[in-house]
Amino acid sequence: MIILLCVGSVDAQDTKHFFKISEQSSISCGSDIIHQRLMMDDADYRTRFEGQSATLRNEIEKSTSASIGGQKSMTVYTIPVVVHIMHTGEAEGVGTNISDAQIQSAIDALNEDFRRMPGTNGFGSGVDVEMEFCLASRDPQGNPTNGINRVDASVVTNYATEGMSIGQGSGASETAVKALSIWDRDDYYNIWIVNEIEDNDGGAGIQGFAYFPSSSASKDGAVILYNAFGTVGNLKTYTNLNRTATHEIGHAFFLYHTFQGNSCSETDCSLQGDQVCDTPPTVSSTSCNTPACSGSQQVENYMDYTGEDCMNMFTQGQKDRMRSALVTMRSSLLLSLGCTPPNALDAGIVSIHNPDGFSCSGSFVPEVELKNFGSTTITSVDIRYRVDAGSLQTYSYSGSIQAGASETVTLPMVTASSGAHTFEAFTESPNGGNDGYQSNDGITQAFEIVDGSTITVSIDVDNYGNETTWDIQDASGNVVASGGPYPGNAYGTTFSTDVCLSNDCFDFTIYDSYGDGICCGYGFGSYEVT
């Protein structure tokens, strides 16, 4: 067997470029301050951000290429939300402890803006993002909930008098406040409603902030002032259309401000400014009637700083970016049952670890991930499985899986002939009873048994392994195997992947998203295919 490996190379450069904090006298969104500080001070965050940026560019290119030649039909994604009301001891509906009706009005307005609903304030000149939000109906323990979590945060030092800090010198510890209530970000998007931000008395200044997906689990989510969230209730006159929430959720799915870069011109719209090509480059300006940059400023965009009554749109490019961020960096939200009311007994197979992709052996040991979606501990369940449309086999699991937890289960060995196949696995009879929600019981995955040999791809990463990816393509350009990106700051570590290839010729290509290669400015990285 001859495997032709055509390896792409990139040149090394001497420098990396990082963000600087812009000097602004006053802003209404704190996201830039936080992101730019983390980029300078937190190497782990910077590594995650750079790797996710490369992943996002690849996903956008793939998704937009797939839609060329006609309108692409898109799935409407629903995102479970939990709203934490961090009050200071008031009765429900009083002061910072805003009412259920005000919270629901905020979720409704988010959906109006993201779905561009006719007859609402969100029906502007932009596009339907086809993403919507629901208040969670199932909590992390599998119990019923209304998605509203009320917590007296005055127990945290300085919160009652100064609100939450974003590291500018005033307010309570952000981490300490969030730790009082945070839910797992893999299953819910967390929104904290607070009394003040940086001691602003709930007035002018920072109205909210949100994190890119690169953030740590202890801080990820959005923070919004109590009187800037919703369209009815205890609101300021200039923040009563919920555009602060729409703006911050845009950041959560990797949108920059439209004035990112603060320039009226760009030479590469995909890499400069907000990295969205259908939002004109602009400088920061709050005027709705006098657009900046000789009138080209897109003043209606939700990611600008114009007034709430001026905003009414996301562009197609912003839609592509947000949806790409969702299906890559926040994809676990799409598997969450946060919006599905719980059942007592509800089990399912959520992933198939093996078989997956190509195998050179006709005999394999299946591995599946069994999850308890219900509110009762699962002690037994039948796992039914088969190859293609063959006879169903049964494996009787016994053990203990708590509500919301999962476990990898190894099934008996299976054989299959050469060629393309599917492997199906699903659950039946959890704890000997009826499954309350059968739509999540099973999954089917394609795999292929090939007559070939196994090769090993070994990558010795430099300090920026998050920039390194590779693929193997057949003669028709189809990707048959791929790997990376790898962890950053892991210089000296070797990552090896076994790949089964048929007896044919293939191209192996290694990529560096930054363009400076894996050797030798930031460590002596290398690769080997054997």
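Above: the structure in question.
For clarity, every value in this text was computed on a predicted model and none was experimentally measured.

Caption draft 1: Up close: the packing of aromatic side chains. According to the stated counting rule, one finds 19 aromatic pairs in the structure shown. Centroid distance Phe114 to Phe314: 4.9 Å. Interplanar angle 55 degrees. Geometry classified as tilted. Taken together, the residues Phe114 in helix 3 (residues 100-115) and Phe314 in the loop between helix 7 (292-295) and helix 8 (316-328) connect sequence positions 200 residues apart. Comparing Phe114 with Phe314, the two get one shared label, buried. With centroids separated by 6.3 Å and ring planes inclined at 75 degrees, the aromatic side chains of Phe364 and Phe423 adopt a geometry described as edge-to-face. With Phe364 in strand 9 (residues 363-364) and Phe423 in strand 15 (residues 419-428), this pair connects stretches of sequence that are 59 residues apart. Residue Phe364 is classed as buried on the basis of its relative accessible area of 6%. Classification of Phe423 as buried rests on a relative accessible area of 0%. Taken together, the aromatic side chains of Tyr45, Phe49, Phe212, Phe254 and Tyr256 make up a single cluster linked through ring pairs.

Caption draft 2: Spotlight on the pairing of strand 11 (residues 378-387). Across 7 bridges, strand 11 lies against strand 12 (residues 393-401) in antiparallel orientation. Across the sheet, the residue bridging to Asp382 is Ser396, located in strand 12. Here strand 11 folds back onto strand 12 in antiparallel fashion, the turn holding 5 residues, of which Asp388 has a positive phi close to 55 degrees. Bridge count for strand 11 against strand 15 is 6 bridges, and the pairing is antiparallel. Its bridge partner being in strand 15, Ile383 is matched across the sheet by Thr427.

Caption draft 3: Up close: the side chain of Thr315. Along the chain, Thr315 falls in the loop between helix 7 and helix 8. Residues contacting Thr315, with those up to four places away along its chain left out, are Val127, Val276, Asp278, Thr279, Gln298 and Asn301.

Caption draft 4: Broad picture of the packing of helix 3 against helix 6 (residues 243-252). Running from N to C, helix 3 and helix 6 point in directions that differ by 60 degrees, and their axes come no closer than 9 Å. In terms of orientation, helix 3 and helix 6 fall into the oblique class. The hand of the helix 3/helix 6 crossing is right-handed. Contacts between helix 3 and helix 6 involve Leu110, Asp113 and Phe114 from the first element and Arg243, Ala245, Thr246, Ile249 and Gly250 from the second. Its residues assigned to classes, the contact of helix 3 with helix 6 comprises 4 nonpolar, 2 polar and 2 charged.

Caption draft 5: Highlighting the nonpolar core. Counting residues in hydrophobic clusters, the biggest one holds 67 residues, and the most contacted among them are Phe114, Met131, Tyr189, Ile191, Ile193, Phe229 and Phe253. At 6 residues, the largest contribution of residues to this core is made by strand 1 (residues 77-87). Other than its neighbours up to four places away in sequence, Phe114 contacts Val127, Asp128, Val129, Glu130, Met131, Phe133, Thr246, Ile249, Gly250, Phe314 and Met322.

Caption draft 6: Seen up close, the pairing of strand 16 (residues 442-449). Relative to strand 16, strand 8 (residues 357-359) runs parallel, the two sharing 3 bridges. Residue pairing across strands places Ser359 opposite Ile449, the latter belonging to strand 16. Where strand 15 lies against strand 16, 8 bridges are found, and the strand directions are antiparallel. What sits directly across from Ala425, in strand 16, is Ile443.

Caption draft 7: Summary view of the sheet that holds strand 8. Pairing is mixed in the open sheet, where 5 strands are placed in the order 8-16-15-11-12. Sheet topology places strand 8 and strand 12 at the edges, where each strand pairs with a single neighbour. On average, each strand axis in the sheet is tilted by 30 degrees relative to the strand beside it, whichever way the strands run.

Caption draft 8: Quick look at the sheet that holds strand 17 (residues 452-460). Strand order across the open sheet formed by 3 strands is 20-17-22, with antiparallel pairing between neighbours. What marks the edges here is a single partner per strand, and that holds for strand 20 (494-502) and strand 22 (526-529). Going from strand to strand, the sheet's axes swing by 15 degrees on average, the running direction of each strand aside. Bridging between strand 17 and strand 22 involves 4 bridges; their strand directions are antiparallel. Residue Asp460 lies in a different strand from strand 22, and its bridge partner there is Ser526.

Caption draft 9: Representation of empty space enclosed by the protein in the model. Using the criterion set out here, one finds 1 cavity of 30 Å³ or more in the structure. Volume-wise, the largest cavity comes out at about 70 Å³. Around the largest cavity, the lining residues are Ser31, Asp32, Ile34, His35, Tyr45, Ala210, Tyr211, Phe212, His251, Leu255 and Tyr256. At 4 residues, helix 1 (residues 31-41) tops the list of elements feeding residues into the lining of the largest cavity. Residue composition of the lining of the largest cavity, grouped by class: 7 nonpolar, 3 polar and 1 charged.

Caption draft 10: Spatial organisation of the state of the cysteines. Applying the stated rule across the entire model yields 6 disulfides. Paired through a disulfide, Cys269 and Cys277 show a sulfur-sulfur distance of 1.9 Å. Taking the sign of the S-S torsion, about 90 degrees here, the bridge from Cys269 to Cys277 comes out right-handed. Accessibility expressed as a relative area gives 27% for Cys269, which makes it partly exposed. A disulfide bridge connects Cys519 with Cys520, and the sulfur atoms are separated by 1.7 Å. A torsion of 75 degrees about the S-S bond marks the disulfide between Cys519 and Cys520 as right-handed. The class of Cys519 is partly exposed, set by a relative accessible area of 30%. In this structure Cys520 comes out as partly exposed when scored by relative accessible area, which is 38%. Just so you know, Cys29 is unpaired, no disulfide at all, and the nearest cysteine sulfur is the one on Cys310, 17 Å from it. For Cys29, a relative accessible area of 1% corresponds to the buried category.

Caption draft 11: Main features of helix 3. In a regular helix each residue adds 1.5 Å, so 16 residues correspond to 22 Å; helix 3 covers 22 Å between its end C-alpha atoms and thus fits that length. Regarding helix 3, the residues found buried are Gln102, Ile103, Ser105, Ala106, Ile107, Ala109, Leu110, Asn111, Asp113, Phe114 and Arg115. Looking at the buried side of helix 3, the elements it contacts are strand 1, strand 2 (131-135), strand 3 (148-152), helix 6 and helix 8.

Here is what the cut-offs are and how they apply
Residues numbered from 1 in each chain as written. Predicted model: local features only at pLDDT ≥ 70, side-chain atom pairs only at ≥ 80, totals over all residues. Heavy atoms only, no water. Phe/Tyr/Trp six-rings, centres within 6.5 Å; stacked < 30°, edge-to-face > 60°. Helix = DSSP H or I, 4+ residues; strand = E, 2+ residues; numbered from the N terminus. Buried < 20%, exposed > 50% of the residue type's maximum accessible area, 1.4 Å probe, protein only. Pairing = 2+ DSSP bridges. Contact = heavy atoms within 4.5 Å. Axes fitted to C-alpha atoms, helices over the stretch in contact; angles between N-to-C directions. Parallel < 35°, antiparallel > 145°, perpendicular 65-115°, else oblique. Left-handed = near helix turned anticlockwise from the far one by under 90°. Nonpolar A, V, L, I, M, F, W, Y, C, P; charged D, E, K, R; others polar. Core = buried A, V, L, I, M, F, W, Y, C linked by side-chain atoms within 4.5 Å. 1 Å grid on protein atoms, 1.4 Å probe; cavity = no way out; pocket = protein on both sides within 12 Å on 5 of 7 lines; lining within 4 Å. Points joined across faces, edges and corners; volume = space filled by probe spheres on them. Disulfide = S-S within 2.5 Å. Expected span 1.5 Å × (residues − 1).

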